[in-house]
Each structure stands twice: as C-alpha cells, then as structure tokens.
Amino acid sequence: MFVQIANTKTSETFTTENVQAALEAAIIYLLTAPRDNHQHDMLHRVKAALTATFKDLTVNVHVVHALQLFAKDEIIVSPFAGQAEFLSHTTWQLFATPEELSFFYDEFAVRVIEHNLRVVAKYYERISLGRLGALIKLSRDDLEHHLSNMSYTGALGLKIDQPAAIVTFAPKRSSEEVLSEWSGDITKMLQLMEATCHLINRENMVHKV
C-alpha cells in the first residue's frame, strides 16, 4: 500500500503532504493496534520503508522515534523522550470525542506494557514479580493484570506462582509439539509397564521352581 502511494504518478491526488500525513497516521494506528504476526510484520516493513521508499519525506521525528522503540527488543521507559509530542500529533485529534481519544491513549499505554513484557520474556525464564515490576515500572496488581491478559489471549506463554511471587516464561508450543510430547510420555509408560510385567513373571517363575 505504501509503495503504491509513493510510486503513483497522480501527483495531483497524492501530494507530498498527503503521503506524509497518511504515513504518520498509519504508524500511529499501527503502534496502537494489538500485536499479532501481521502487525509485527507491517511494523518492520514500515520501518524499512522510511529509509527507502519514503526517504525523501520529512516524517515527524517523534513518530519515527516511537516506531523505532517498538521495533527494538528493548524495554521502553515510559514516558520516553518525545512521548508528549508524539501523543499530541495531529492524527490523535481526528477522534471525534474525548472518550475516543482517551480510549486510544489507554490502548497505546497497554501496547507499551505488552512490548516490555515480551522483551523481558526473551531474556528471563524465571523472574520475581517484584523485580519484574521494578523493571517495567508497574505495581504488582497492574503487573498481574497484564500478565493474566496476555496469558489468557495466548500472546505470551507464562505461569505465575502466587505464593512464591515468581513468574515463569515459556515459549508457546504448537498442538503438534504437545501431542508429540504426550505420545512420547505414553510410549515411555508402556515400556516401563512391559519391563515391570517381565520382572514380575520372572519372579513368579523363580518362586515356582
């Protein structure tokens, strides 16, 4: 879509200002959207396009900075540099009511938290809730709320040990992997049963002799 707009010959329809405004709006909506494979792929495509297809555009530096933060496997410290300017971009003012604007501000804040949790999950297998909360600047209640939501939606594989206050991250496994592991466990169990029956029969034979 972006390449088509950039390469179009109908300059009367797509001016530089229009393309720039559309690109900045697309980035903001992209960063506000829930994370999935399509969103993740598009995020990196747009980031690459900024230095290729759209290299001649003067894209808002705060919008570009926000995009780059989400493209890195690093914790986003909130508020980040330029966050106030990013949230005051004209695209945000397109929402008709203050309630709509507040909703999307909240959604963006959630995306930052979810990004940070994914980053931590890449570097830690086990971490205390206290340490995790300190890393991403969240209270324990808020932290458990977001962890539970991400676990419920399947966005992140994890288990929370409430008494020990430990969260364990584990990569999501496909149904084929789970079935394969279950099949392997069943095979081991049958082998143990067969060996046990063999030992019992041998003991019976020795006893009869």
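Here the structure is a predicted model, which is why all the values come from computation and not from measurement.

### So, the pattern of salt bridges
Part 1 of the argument: According to the stated counting rule, one finds 5 salt bridges in the structure shown.
Part 2 of the argument: Among the ionic pairs, Lys122 bridges to Asp73, the shortest N-O distance being 3.0 Å. With a gap of 49 residues between them, Lys122 in helix 6 (residues 98-123) and Asp73 in the loop between helix 4 (61-71) and helix 5 (83-87) connect regions that are remote in the sequence.
Part 3 of the argument: For Lys122, a relative accessible area of 56% corresponds to the exposed category.
Part 4 of the argument: With a relative accessible area of 39%, Asp73 lands in the partly exposed category.
Part 5 of the argument: A salt bridge links Arg140 to Glu144; the nearest nitrogen and oxygen atoms lie 2.7 Å apart. In this pair, Arg140 and Glu144 both sit in helix 8 (residues 140-153), 4 residues apart, roughly one turn of the helix.
Part 6 of the argument: The exposure class assigned to Arg140 is partly exposed, which follows from its relative accessible area of 39%.
Part 7 of the argument: Given a relative accessible area of 16%, Glu144 falls into the buried group.
Part 8 of the argument: One connected set of salt bridges, linked through shared partners, spans Glu107, Arg111 and Glu114.

### Comments concerning the nonpolar core
Part 1 of the argument: Counting 28 residues, the largest nonpolar core has Leu23, Ile27, Leu31, Phe86 and Phe108 as its most contacted members.
Part 2 of the argument: Counting residues per element, the ones that place at least two in this core are helix 2 (16-32), helix 3 (37-50), helix 4, helix 5 and helix 6.
Part 3 of the argument: At 7 residues, helix 4 tops the list of elements feeding residues into this core.
Part 4 of the argument: Aside from chain neighbours lying at most four places away, what touches Ile27 is Val46, Leu50, Val63 and Leu67.
Part 5 of the argument: Residues Ile113, Val120, Ile127 and Leu147 belong to the second largest nonpolar core, which totals 16 residues.

### Things to note about the pairing of strand 2 (residues 158-161)
Part 1 of the argument: Of the strand pairs in this sheet, strand 2 and strand 3 (residues 166-169) are connected by 4 bridges, and their pairing is antiparallel. Paired with Leu158 across the two strands is Phe169, which belongs to strand 3.

### Here we look at the side chain of Gln39
Part 1 of the argument: Turning to its location among the elements, Gln39 is positioned in helix 3.
Part 2 of the argument: Under the relative-accessibility criterion, Gln39 is labelled buried at 10%.

Reading the values: the criteria
- Residues numbered from 1 in each chain as written.
- Predicted model: local features only at pLDDT ≥ 70, side-chain atom pairs only at ≥ 80, totals over all residues.
- Heavy atoms only, no water.
- Salt bridge = Lys/Arg side-chain N within 4 Å of Asp/Glu carboxyl O.
- Helix = DSSP H or I, 4+ residues; strand = E, 2+ residues; numbered from the N terminus.
- Buried < 20%, exposed > 50% of the residue type's maximum accessible area, 1.4 Å probe, protein only.
- Core = buried A, V, L, I, M, F, W, Y, C linked by side-chain atoms within 4.5 Å.
- Contact = heavy atoms within 4.5 Å.
- Pairing = 2+ DSSP bridges.

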